[in-house]
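Coordinates in review
These are the residues of each chain, in order.
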Amino acid sequence: MKEKYQLVYRQVKAMVSKESDPIANMANVAALLHETFGWWWTGFYRVDGESLVLGPFQGPVACTRIPFGCGVCGTAWKMGETIVVPDVEQFPGHIACSTLSRSEIVVPMFEDDAVVGVLDIDSKELSAFDQTDVFWLEKIVALL
Ligand code: SME
């Protein structure tokens, strides 16, 4: 796991040094993470006024807008911190874009101390994410 994350981190670092467009970089980061770890859904939501709007992702069709403070994504935005959900059925207000999602991690992205988006990852396994994922995904998102 650690070795895979180290490699992904180096690849993302190289990627963002060559391209400054945030959408292009988010698209490739979603693809790289999704391919490397085989998660169910891997993608970004960007802050757009009072809601999050769907950004680049890999996986099944997802909901396009999530209001501030709603679901795991909107809560991570509101709190400004990473949220790990071992069992989505136990998270009050979880938004089920796919009934096959069992666990989830949402990492906020910051610009000048304000949340500008989130990285959202869903797994079909329960408890798929731990502190290793928090550590590396926060580092990867900081590169963006
Ligand atoms: N489950 C998320 C919604 C986004 S989908 O998982 C892609 C949430 O509760 O915010």
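Above this text sits the structure in question.
Residues numbered from 1 in each chain as written. Predicted model: local features only at pLDDT ≥ 70, side-chain atom pairs only at ≥ 80, totals over all residues. Heavy atoms only, no water.

1. Considerations on the sheet that holds strand β5 (residues 103-111)
Where we set the bar: When DSSP finds two or more bridges between two strands, those strands count as paired. Strands here mean DSSP runs of E at least two residues long; helices mean DSSP runs of H or I at least four residues long; both are numbered from the N terminus. To obtain an axis, a line is fitted to C-alpha atoms, over the contacting stretch when the element is a helix, and the angle between two such axes runs from 0 to 180 degrees between their N-to-C directions.
Spatial strand order, β3-β2-β1-β6-β5-β4: six strands in an open sheet with antiparallel pairing. Two strands close off the open sheet at either side, each with one partner strand: β3 (65-67) and β4 (83-85). Pairs of neighbouring strands in the sheet enclose a mean axial angle of 25°, with direction left out of account. Bridge count for β4 against β5 is three bridges, and the pairing is antiparallel. Looking across to β5, one finds that isoleucine 83 is bridged to valine 106.

2. Observations regarding unusual backbone geometry
If a residue is not glycine, its phi is most likely negative; likewise, a peptide bond is most likely trans. Here the phi dihedral of aspartate 112 falls at roughly 50°; this positive angle occurs in a residue that is not glycine. Even without being glycine, serine 127 reaches a positive phi, approximately 50°. With respect to the helices and strands, serine 127 occurs in the loop between β6 (114-123) and α4 (131-143).

3. Describing the environment of isoleucine 121
Note the threshold: A contact between two residues is defined here by any heavy atoms of the two lying within 4.5 Å.
Within the secondary structure, isoleucine 121 is located in strand β6. A sequence separation of 37 residues divides isoleucine 121 from valine 84, and the C-alpha atoms of the two residues are 9.8 Å apart. With residues near it in sequence (within four places) discarded, isoleucine 121 still touches Trp39, Trp41, Thr42, Ser103, Glu104, Ile105, Phe129 and Leu137.

4. Things to note about the state of the cysteines
What counts is decided by this rule: Cysteine sulfur atoms that pair up within 2.5 Å are treated as a disulfide. Residue exposure (1.4 Å probe, protein chains only): buried if accessible area is under 20% of the type maximum, exposed if over 50%, otherwise partly exposed.
On inspection of all chains with the given rule, the structure shows one disulfide. Two residues, cysteine 63 and cysteine 97, share a disulfide whose sulfurs are 2.5 Å apart. Separated by 34 residues along the polypeptide, cysteine 63 in the loop between β2 (51-58) and β3 and cysteine 97 in the loop between β4 and β5 bring together distant segments of the chain. Looking at cysteine 70, it has no disulfide partner, and the nearest cysteine sulfur is the one in cysteine 63, 11 Å off. Taking the relative accessible area as the measure of exposure, cysteine 70 reaches 33% and is therefore partly exposed. Cysteine cysteine 73 remains unbridged, with the sulfur of cysteine 63 as its closest cysteine sulfur at 7.5 Å. Judged by its relative accessible area of 3%, cysteine 73 falls in the buried class.

5. Regarding the nonpolar core
Side chains of nonpolar character tend, in soluble globular proteins, to be buried together. This is how it is decided: To qualify as a nonpolar core, a set must consist of buried Ala, Val, Leu, Ile, Met, Phe, Trp, Tyr and Cys residues joined through side-chain atoms within 4.5 Å.
In terms of nonpolar packing, the biggest core is built from 24 residues, with Leu33, Leu119, Leu137 and Ile140 touching the most fellow members. At the level of elements, α1 (2-18), α2 (22-37), β5, β6 and α4 are the ones that each hand at least two residues to this core. A total of six residues in this core trace back to one element, the largest contributor, which is α2. Grouped together as the second largest cluster of nonpolar side chains are 17 residues, Tyr45, Ile83, Val85 and Val115 included.

6. Regarding the site of the ligand
In plain terms, the rule: For each residue, the test is whether any non-hydrogen atom lies within 4 Å of the molecule or strand; if one does, the residue is near. Polar contact is the term for a pair of N or O atoms within 3.5 Å; when the atoms are in protein, one must be able to donate a hydrogen and the other to accept it, and sequence-neighboring residues count only if both atoms are side-chain atoms. The Shrake-Rupley method, run with a 1.4 Å probe sphere, supplies the accessible areas, and residue values consider only the shown protein chains as cover.
In the vicinity of the ligand there are 13 residues, among which Val72, Cys73, Ile95, Glu104 and Asp122 approach most closely. The backbone of cysteine 73 places a nitrogen or oxygen atom 2.8 Å from an oxygen atom of the ligand. Aspartate 120 has a polar side-chain atom sitting 3.3 Å from an oxygen atom of the ligand. Relative to its unbound accessible surface of 300 Å², the ligand loses 99% to contact with the protein. Broken down by secondary-structure element, the contributors of at least two residues to the shell around the ligand are β1 (41-48), α3 (71-79) and β6.

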